[in-house]
Amino acid sequence: TDVLTFPGPEFDPTTLGDVVVNWDVAVYQAQKRGVKPVEEAAMLAVHGALHLVGFDDHTPNDQARMIAAMNAIMQAVELPTDESWMSVPYEEYEHIG
């Protein structure tokens with residue numbers, strides 16, 4: 001898995017939850033996409049945060065909506081965007097770590 005999310009407690013509206021990025025996978029995906037690992041980790045963190053606020057990526061429409069939101073956030077913080085971003089399939093990086 002490249003990123004995991006854990007929703008925060010329902011009784012605490014100040015916390016969305018936790019986002020955990022798998023650094024080894026972020027490095028691998030960065031190499032595949034030709035970006036810096038920290039930039040890929042940022043993309044994964046944004047992806048996870050969007051899941052915490054209700055975005056999903058199960059359908060092509062959901063994926064397009066999420067990618068657009070990810071890129072808008074990345075652009076806002078002056079990090080590289082990627083309209084065709086997607087997680088590398090698990091089978092490609094199961095040997096990592």
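Above this note sits the structure.
The sections below set out a description of the structure shown in this document. Small disclaimer: the values here were computed from a predicted structure and weren't measured. The numbers attached to residues start from 1 for each chain and follow its sequence in the written order. Local features in this predicted model are restricted to residues whose pLDDT is 70 or higher, and side-chain atom pairs enter the listing and the counts only when it is 80 or higher, whereas totals over whole chains, interfaces and linings include all residues. As a rule here, side-chain values cover all heavy atoms of the structure and leave hydrogens and water aside.

1. Considerations on the overall build of the protein
Put simply, the rule reads: The way it works is that DSSP assigns letters per residue, a run of H or I at least four long becomes a helix, a run of E at least two long becomes a strand, and they are numbered from the N terminus. For the radius of gyration, the atom set is restricted to C-alpha positions; the globular benchmark scales as 2.2 Å times the number of residues to the power 0.38. Should any heavy atoms of two residues lie within 4.5 Å, those residues are counted as being in contact. The method behind every accessible area is Shrake-Rupley, applied with a 1.4 Å probe, and residues are considered shielded solely by the protein chains displayed. In this tally, Lys and Arg are treated as positive and Asp and Glu as negative; His is ignored, and so are the chain termini. Note that the charge is assigned to NZ on lysines, CZ on arginines, CG on aspartates and CD on glutamates.
Secondary structure summary: the protein contains four helices and two strands in total. Helices and strands appear in the protein in the N-to-C order β-β-α-α-α-α. The C-alpha radius of gyration of the protein comes to 13 Å, within 12% of the 13 Å expected for a compact globule of 97 residues. Expressed along its principal axes, the backbone C-alpha trace of the protein runs to roughly 40 × 30 × 25 Å. In the protein, 47% of the contacts between residues at least 6 apart in sequence involve partners at least 24 apart. In the structure as shown, the protein presents an accessible area of about 6,200 Å², 55% of it carried by carbon and sulfur atoms. Positive and negative side-chain charges of the protein, numbering 4 and 16 respectively, have mean locations separated by a distance of 8 Å.

2. A look at the packing of aromatic side chains
What counts is decided by this rule: Pairs were defined over the aromatic rings of Phe, Tyr and Trp, the Trp ring being its six-membered one, requiring ring centres within 6.5 Å. Orientation was assigned from the angle between planes: stacked under 30 degrees, edge-to-face over 60, tilted for the rest. A ring is scored as having a charge over it whenever the NZ atom of a lysine or the CZ atom of an arginine sits within 6 Å of its centre and within 35 degrees of its normal.
Counted under the stated rule, the structure contains zero aromatic pairs. The ring of phenylalanine 55 carries arginine 65 above its face, with NZ or CZ at 4.3 Å from the centroid.

3. Description of the side chain of aspartate 2
This is how it is decided: For the exposure calls, accessible area comes from a 1.4 Å probe over protein chains only, and a residue counts as buried if that area is under 20% of its type's maximum, exposed if over 50%, partly exposed in between. A pairing counts as a salt bridge when a side-chain nitrogen of Lys or Arg comes within 4 Å of a carboxyl oxygen of Asp or Glu. Here a polar contact means two N or O atoms within 3.5 Å. Within protein one must be a hydrogen donor candidate and the other an acceptor candidate, and residues neighboring in sequence count only if both atoms are side-chain atoms.
Note that aspartate 2 resides in the segment before strand S1 (3-7). For the buried aspartate 2, which has no salt bridge, the nearest side chain bearing the opposite charge is arginine 33, at an N-O separation of 9.2 Å. There is a polar contact of 2.5 Å between the side chain of aspartate 2 and the side chain of serine 87.

Bear in mind that shape data such as this cannot, by itself, settle questions of function.
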